[in-house]
Amino acid sequence: MAKEVVLSGIRPTGFLHLGNYFGAMRNYVRMQDEYNCYFFVANWHSLTTHPDTSELRNSVHRVIAENIACGLDPEKVALYVQSDVPEIAELYLYLNTMAYKGELEKTTTFKEKVRLSPDNVNAGLLTYPVLMAADILIHRALKVPVGKDQEQHLEMARNFAERFNHRYGDIFPSPQAFNFGGELVKILSLDGNGKMSKSENQMNTIFLADDDEQIRKKIMKAKTDGGPLTPNSVKPDYIQNLFTLMSQVSTADTIAKFEADFNASSEGNCIIRYGDLKKQLAADMVEFVKPIRSKAADIQENKELLHKIIRQGAEKARISAGATLKLVRDAMGMN
Ligand code: ATP
Ligand code: MG
């Protein structure tokens, strides 16, 4: 039986961080054997909010290198750069005639971006969901691993696909949100405000490129408090976040010890020492990030290898994209 098609993208808007890793990339790695995976660097999408392209090529290379360092195998998946696949742009053009101004203006992310940068409300921003639909539909992908924030865009992609199918013939399956193996983790910013992010909260986000000292410093100044006042308290979200990180990188014994200390603490008898917890977490995180960072740096320096991987990814992506576009053109009488 043919494997189901999975598609996901990351914008090259900055350095990848633990949120990207535990929330997205680690799942990509787990999917690569069971699914026919297309993962891409969304450099066209980054133009809508980051028009300065002087660092773009570097960022694209880093995202590719970091994805491979995290375990993606370019032999197993199609790992490509969006702008290398012109078929996406053509499909975007067709889908634009099926997307209505009113619905685009109502999109939550559009309204949010208008609020954040009122001086750069470009048409690309307005039609972001259409380009995202083209990214997905060009491979006739069924499963799209995205965070909660993308659910509305995905629904729009389903609408565009349905409209196309209705008008021109059944070409596109209906893409669905997909989270491999259940639970999605969300990694909060270490100051407890918002989430770790490429473009916000940078002092409280741990990047895969951070050196040992930066990792230690950021974790040691993570927000904590005086400790729980009653046994078996509910953890405040910034404390839960430290335990979440610990659950990803520390040994079962370590986690069990700090959990027990937390749950045994009560007023006047606070057993858990957050200083110790952060020290242990920092040590384990340093060991966790070290090999990823060093592998990513090696790949990034090896331009020949990078170019080969990017070329190979584009070739794979264009085979699938070309086949879809042929169906689309045939259905529309554009052939
Ligand atoms: P930007 O700040 O430019 O929006 P970002 O850090 O939010 O960048 P995206 O490129 O928007 O990263 O998202 C890439 C993937 O990483 C998505 O699947 C998203 O759901 C996931 N992701 C991003 N931040 C986190 C986080 N803090 N915790 C868990 N998953 C996250
Ligand atoms: Mg984001």
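Residues numbered from 1 in each chain as written. Chains lettered and ligands numbered in written order. Predicted model: local features only at pLDDT ≥ 70, side-chain atom pairs only at ≥ 80, totals over all residues. Heavy atoms only, no water.

**Some remarks on unusual backbone geometry**
Positive phi, normally seen in glycine, also occurs at Asn-201, with a value near 55°. With respect to the helices and strands, the residue Asn-201 is situated in the loop between strand E5 (176-177) and helix H10 (212-220). Within the chain, Asn-232 stands out as a residue other than glycine whose phi angle is a positive 55°. (Helix = DSSP H or I, 4+ residues; strand = E, 2+ residues; numbered from the N terminus.)

**Describing the pairing of strand E2 (residues 36-41)**
Each regular strand carries side chains that alternate between the two faces of the sheet. Within E2, five of the six residues are buried, which leaves it mostly tucked inside the rest of the structure. In this sheet, E2 lies alongside strand E1 (residues 5-10) in parallel orientation, the contact comprising six bridges. Bridge pairing links Gly-9 to Phe-40 in E2. Once you follow E1 into helix H1 (residues 18-31) and on to E2, the crossover reads as right-handed. (Buried < 20%, exposed > 50% of the residue type's maximum accessible area, 1.4 Å probe, protein only. Pairing = 2+ DSSP bridges. Right-handed = clockwise from strand over helix to strand, strands pointing away.)

**Details of the site of ligand 1**
Close contacts around ligand 1 come from 17 residues, with His-17, Lys-195, Ser-197, Lys-198 and Ser-199 the closest. Between ligand 1 and Thr-13, the relevant distance is 2.8 Å, taken from an oxygen atom to a side-chain nitrogen or oxygen of the residue. Within the side chain of Ser-199, a nitrogen or oxygen atom sits 2.5 Å from an oxygen atom of ligand 1. Isolated, ligand 1 exposes 600 Å² of accessible area, and the fraction of that covered by the protein chains is 84%. The leading source of residues in the shell around ligand 1 is H1, at four residues. (Near = heavy atom within 4 Å. Polar contact = N/O pair within 3.5 Å; in protein donor to acceptor, adjacent residues only side chain to side chain. Areas by Shrake-Rupley, 256 points an atom, 1.4 Å probe, with all protein chains shown as cover.)

**A few points about the nonpolar core**
Ranked by size, the top nonpolar core spans 60 residues in total, and within it Leu-18, Ile-64 and Met-285 carry the most contacts. Per-element accounting of this core gives the leading share, ten residues, to helix H13 (residues 274-301). Two domains each provide a minimum of three residues to this core, namely domain 1 (5-185 + 303-332) and domain 2 (210-296). Apart from residues no more than four positions distant in its own chain, Leu-18 is found in contact with Gly-23, Ile-187, Met-196, Ile-206, Leu-208, Leu-245, Met-285 and Val-289. Counting residues in each nonpolar core, the second largest holds 42 residues, with Ile-88, Leu-137, Leu-154 and Ile-171 among its members. (Core = buried A, V, L, I, M, F, W, Y, C linked by side-chain atoms within 4.5 Å. Domains from an automatic or database assignment. Contact = heavy atoms within 4.5 Å.)

**Some remarks on the packing of H10 against H13**
H13 packs onto H10 with a crossing angle of 150° between their chain directions and a minimal axis gap of 9 Å. One way to sum up the angle between H10 and H13 is to call them roughly antiparallel. Taken as a pair, H10 and H13 cross one another with a handedness that is right-handed. Here Asp-212, Ile-215, Arg-216, Ile-219 and Met-220 of H10 lie close against H13, whose contacting residues are Gly-275, Lys-278, Lys-279, Leu-281, Ala-282, Met-285, Val-286, Val-289, Lys-290 and Arg-293. Looking at side-chain class alone, the contact of H10 with H13 contains eight nonpolar, one polar and six charged residues. (Axes fitted to C-alpha atoms, helices over the stretch in contact; angles between N-to-C directions. Parallel < 35°, antiparallel > 145°, perpendicular 65-115°, else oblique. Left-handed = near helix turned anticlockwise from the far one by under 90°. Nonpolar A, V, L, I, M, F, W, Y, C, P; charged D, E, K, R; others polar.)

**Remarks on the side chain of Ser-46**
Counting through the fold element by element, Ser-46 comes out in helix H2 (residues 43-47). Setting aside residues no more than four positions away along its own chain, Ser-46 makes contact with Arg-11, Pro-12, Thr-13 and Leu-56.

**A look at the packing of aromatic side chains**
Enumeration over the complete set of coordinates arrives at ten aromatic pairs. Summarising the aromatic geometry, the rings of Tyr-21 and Phe-22 are spaced 4.9 Å apart at their centres and angled 85° between planes, so their arrangement reads as edge-to-face. Each of the two residues, Tyr-21 as well as Phe-22, counts as buried. The interplanar angle of 65° and the centroid separation of 5.1 Å between the aromatic rings of Phe-164 and Phe-172 together place this pair among those described as edge-to-face. (Phe/Tyr/Trp six-rings, centres within 6.5 Å; stacked < 30°, edge-to-face > 60°.)

**Focus: the environment of Gly-102**
You can see Gly-102 is positioned in helix H5 (residues 101-105). Residues Gly-102 and Ser-233, spaced 131 residues apart in sequence, show a C-alpha to C-alpha distance of 47 Å.

**Thoughts on the domain arrangement of the protein**
Looking at the assigned domains, one finds that the protein contains domain 1 (5-185 + 303-332) and domain 2 (210-296). The centre of domain 1, based on its C-alpha atoms, is set 34 Å off from the matching centre of domain 2. If you look at the interface, domain 1 gives ten residues, while domain 2 gives ten residues. The contact between domain 1 and domain 2 buries some 750 Å² in all, and 79% of this surface belongs to carbon and sulfur atoms. (Buried area = accessible area lost by both parts, 1.4 Å probe.)

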